[in-house]
Amino acid sequence: MSKSKTSLTVMLVDDQPARAALLEQALLDHRYQVIARLTSAAGLAEHVARLEPDVIIIDIESPDRDTLEHMASLHRDNPRPVVMFSGEGDTSSIERAMRAGVSAYIVDGLNPTRVKTIVDVAIARFREYHALRRELEETRTQLADRKQIDRAKGLLMKHRNLSEDQAYNAMRKMAMDRSQKLAEVANNIIAVMDLLDS
């Protein structure tokens with residue numbers, strides 16, 4: 001999401017023009033900029049890629065399978081905070097919407113006085129979710145790197161008859177000499193040793 005914009009841009013998806021007009025007015029009252037009003041979620045990912053809204057608001061009686069598939073595609077390829085207003089309040093509808101990437105699911109329609117709070121909560125949840133996801137990915141990468149470093153160290157100890165400290169220091173020196181990360185050096189060592197073994 002762009003930091004240089006003075007007001008958040010919103011894409012509205014609502015198949016009822018009168019309801020969409022009320023929601024748009026509530027957003028404008030809170031200084032949001034409505035950049036598009038769509039009547040369905042069809043082609044949502046393409047619209048989002050082209051217009052790059054900060055937030056997407058969907059007002060729908062019942063989120064059908066097609067809508068949720070469009071949402072999941074968007075969440076996978078070009079994630080954005082999504083607020084969904086819906087008449088469906090059953091647990092399975094809410095769970096399906098959340099799995100498809102909805103940040104805030106509001107049942108029983110729109111109260112214009114609550115719009116700003118709801119959008120703020122959706123943005124906060126979206127940012128928190130993506131920060132946790134980044135952290136998880138970094139942890140997975142670090143664990144994978146650690147495994148490769150340990151494996152390469154073991155190969156050097158075996159093939160070069162080095163102690164653990166000597167193998168680790170040799171890898172560190174190679175990493176510094178080549179301006180590479182330790183994990184890259186480890187992967188190179190493993191690749192070379194695998195070639196020698198085969």
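The structure presented is a predicted model; accordingly, all values stated were derived computationally and were not measured.

Rules used throughout
Residues numbered from 1 in each chain as written. Predicted model: local features only at pLDDT ≥ 70, side-chain atom pairs only at ≥ 80, totals over all residues. Heavy atoms only, no water. Helix = DSSP H or I, 4+ residues; strand = E, 2+ residues; numbered from the N terminus. Rg over C-alpha atoms; globule rule 2.2 N^0.38 Å. Buried < 20%, exposed > 50% of the residue type's maximum accessible area, 1.4 Å probe, protein only. Contact = heavy atoms within 4.5 Å. Salt bridge = Lys/Arg side-chain N within 4 Å of Asp/Glu carboxyl O. Pairing = 2+ DSSP bridges. Axes fitted to C-alpha atoms, helices over the stretch in contact; angles between N-to-C directions. Parallel < 35°, antiparallel > 145°, perpendicular 65-115°, else oblique. Nonpolar A, V, L, I, M, F, W, Y, C, P; charged D, E, K, R; others polar. Expected span 1.5 Å × (residues − 1).

Caption draft 1: Broad picture of the overall build of the protein. Secondary structure assignment for the protein yields seven helices and five strands. Element order for the protein, N to C, with α for helix and β for strand: β-α-β-α-β-α-β-α-β-α-α-α. For a compact globule of 198 residues, the expected C-alpha radius of gyration is about 16 Å, and the protein comes in at 25 Å, more than 25% above that figure. C-alpha extents for the protein along the principal axes are approximately 80 × 35 × 25 Å. Buried residues in the protein amount to 37% of all 198 residues. Of the contacts formed within the protein by residues at least 6 apart in sequence, a portion of 64% connects residues at least 24 apart.

Caption draft 2: Here's a closer look at the pattern of salt bridges. Here the structure, examined in full by the defined rule, presents 13 salt bridges. In this structure, Arg 19 engages Asp 14 in a salt bridge whose closest nitrogen and oxygen atoms are separated by 2.8 Å. Here Asp 120 and Lys 116 are joined by a salt bridge, their closest N and O atoms 2.8 Å apart. Of this pair, Asp 120 and Lys 116 both sit in helix α5 (residues 115-160), four residues apart, roughly one helical turn.

Caption draft 3: Inspection of unusual backbone geometry at higher detail. The residue Asn 161 is not glycine, and still its phi comes out positive at about 55°. On the secondary structure map, Asn 161 appears in the loop between α5 and α6 (164-178). Despite not being glycine, Ser 179 shows a phi value in the positive range, around 55°. In this structure, Ser 179 sits in the loop between α6 and α7 (182-197).

Caption draft 4: A look at the pairing of strand β5 (residues 104-107). Relative to β5, strand β4 (residues 82-86) is paired through four bridges, and the arrangement is parallel. Opposite Phe 85, over in β5, you have Ile 106 as the bridge partner.

Caption draft 5: Inspection of the packing of helix α2 (residues 44-51) against helix α3 (residues 65-77) at higher detail. In contact at an axis separation of 8 Å, α2 and α3 are set at 40° when each is read in the N-to-C sense. Packed against α2, whose contacting residues are Leu 44, Ala 45 and Val 48, the element α3 presents His 70, Met 71, Ser 73 and Leu 74 at the interface.

Caption draft 6: Inspection of the sheet that holds β5 at higher detail. Strand order across the open sheet formed by five strands is β2-β1-β3-β4-β5, with parallel pairing between neighbours. Two strands close off the open sheet at either side, each with one partner strand: β2 (33-38) and β5. Each adjacent strand pair in this sheet contributes to an overall mean axis angle of 20°, direction not counted. Contacting β1 (9-14), β2 and β3 (55-60), helix α1 (residues 17-29) crosses the sheet at an angle of about 160° to β1.

Caption draft 7: Local environment of the packing of α6 against α7. Following both chains from N to C, one finds α6 and α7 inclined at 110°, their axes separated by 9 Å at the closest point. As far as their axial angle goes, α7 and α6 are roughly perpendicular. Contact residues: α6 offers Tyr 168, Met 171, Arg 172, Met 174, Ala 175 and Arg 178, while α7 offers Leu 182, Val 185, Ala 186, Asn 188 and Ile 189. Looking at the contact of α6 with α7 residue by residue, the classes come out as eight nonpolar, one polar and two charged.

Caption draft 8: Examining the environment of Asn 187 more closely. Tracing the sequence through the fold places Asn 187 in helix α7. On a C-alpha basis, the gap between Asn 187 and Arg 151 in space is 9.1 Å, while along the polypeptide they are 36 residues apart.

Caption draft 9: Representation of α5. Over its 46 residues, α5 runs 66 Å from end to end, which matches the ideal 68 Å to within 8%, given 1.5 Å per residue. For α5, every residue scored as buried is listed here: Val 115, Ile 118, Val 119, Ala 122, Ile 123, Phe 126, His 130, Ile 149, Ala 152, Lys 153, Leu 155 and Leu 156. Following α5 by one or two positions, Asn 161 has its phi on the positive side, about 55°.

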